[in-house]
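# Notes for the structure review
What follows is each chain in one-letter form.
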Amino acid sequence: MSSRSEGGAFPAGPVRWLDEREQRVWRRYLLMTSQLAAQMNRQLAADAGLSLADYEVLVRLTDVPAGRLRVTRLARDLSWEQSRLSHHVSRMARRGLVAREECADDGRGALVALTEQGRAAIERAAPAHVAFVRASVFDALTDAQVDTLDAILGSVLSGLR
């Protein structure tokens with residue numbers, strides 16, 4: 001598409017285009033999230049042999065006392081499509097980080113369970129990952145900026161629900 005005014009991917013009717021400031025902020029946000037994800041992936045791979053996606057799954061499993069979650073809940077908590085989670089869990093299971101289990105409650109549902117190897121992997125990865133997040137994000141912000149960022153993220157996430 002060569003022009004904003006042509007039909008197709010854009011909604012019909014008048015569009016409130018981003019002004020220069022909004023465009024700059026939006027592009028900086030996209031660049032920041034892209035660079036953070038890339039650097040976290042590199043850091044986790046170098047320090048623990050994990051991807052950021054592996055780490056996210058392991059964190060969710062360590063957040064619950066039993067270390068196991070229904071596939072549907074885990075997909076919802078991660079905001080992933082169930083097929084994406086299924087493929088990723090299969091790869092993690094082959095590496096011994098998680099295991100699939102049948103749900104004893106109803107026999108229809110499946111669970112993803114943290115293995116001892118998975119627990120050891122996240123325990124190895126967490127200290128360096130937290131240090132990276134602190135150095136890359138929170139050390140660059142004042143307490144007031146952290147509070148503002150928290151409020152901003154809360155507002156955007158509420159609007160997405």
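Rules and cut-offs
Residues numbered from 1 in each chain as written. Predicted model: local features only at pLDDT ≥ 70, side-chain atom pairs only at ≥ 80, totals over all residues. Heavy atoms only, no water. Buried < 20%, exposed > 50% of the residue type's maximum accessible area, 1.4 Å probe, protein only. Helix = DSSP H or I, 4+ residues; strand = E, 2+ residues; numbered from the N terminus. Pairing = 2+ DSSP bridges. Core = buried A, V, L, I, M, F, W, Y, C linked by side-chain atoms within 4.5 Å. Contact = heavy atoms within 4.5 Å. Axes fitted to C-alpha atoms, helices over the stretch in contact; angles between N-to-C directions. Phe/Tyr/Trp six-rings, centres within 6.5 Å; stacked < 30°, edge-to-face > 60°. Lys NZ or Arg CZ within 6 Å of the ring centre and 35° of its normal.

## With respect to the pairing of strand β3 (residues 110-114)
Across the five residues of β3, four count as buried, placing the element largely inside the fold. For strand β1 (residues 68-70) and β3, the ladder comprises three bridges, and the chain directions are antiparallel. Opposite R68, over in β3, you have A113 as the bridge partner. By the bridge criterion, five bridges tie strand β2 (residues 98-102) to β3 in an arrangement that is antiparallel.

## Brief notes about unusual backbone geometry
Despite not being glycine, S79 shows a phi value in the positive range, around 60°. Tracing the backbone through its elements, the reader meets S79 in the loop between α3 (71-78) and α4 (82-94).

## Side note on the nonpolar core
If you look at the biggest cluster of nonpolar residues, it comprises 28 residues, and the most contacted ones within it are L50, V57, L58 and L85. Within the residue set of this core, elements represented by two or more residues are α1 (20-48), α2 (52-62), α3, α4, β3 and α5 (116-136). Tallying contributions element by element places α2 first for this core, with six residues. Discounting chain neighbours no more than four positions away, the residues touching L85 are V57, V71, L74, A75, L78 and W80.

## Section: the sheet that holds β3
Judged by pairing direction, the sheet is antiparallel, and its three strands sit side by side in the order β1-β3-β2 without closing on themselves. The open sheet has two edge strands with one neighbour each: β1 and β2. Neighbour-to-neighbour, the strand axes of this sheet turn through a mean angle of 25°, independent of strand direction.

## Let's talk about the packing of aromatic side chains
For the coordinates displayed, the defined rule picks out one aromatic pair. Between W26 and Y29, the aromatic rings sit 5.4 Å apart at their centres with planes inclined by 25°, giving stacked as the arrangement. Taken together, the residues span about one helical turn, with W26 and Y29 both in helix α1 at a distance of three residues. For W26, a relative accessible area of 42% translates into the label partly exposed. Above the ring of W80, the side-chain terminus of R84 is found at 3.9 Å from the ring centroid.

Any link to function would need more than the numbers given here.
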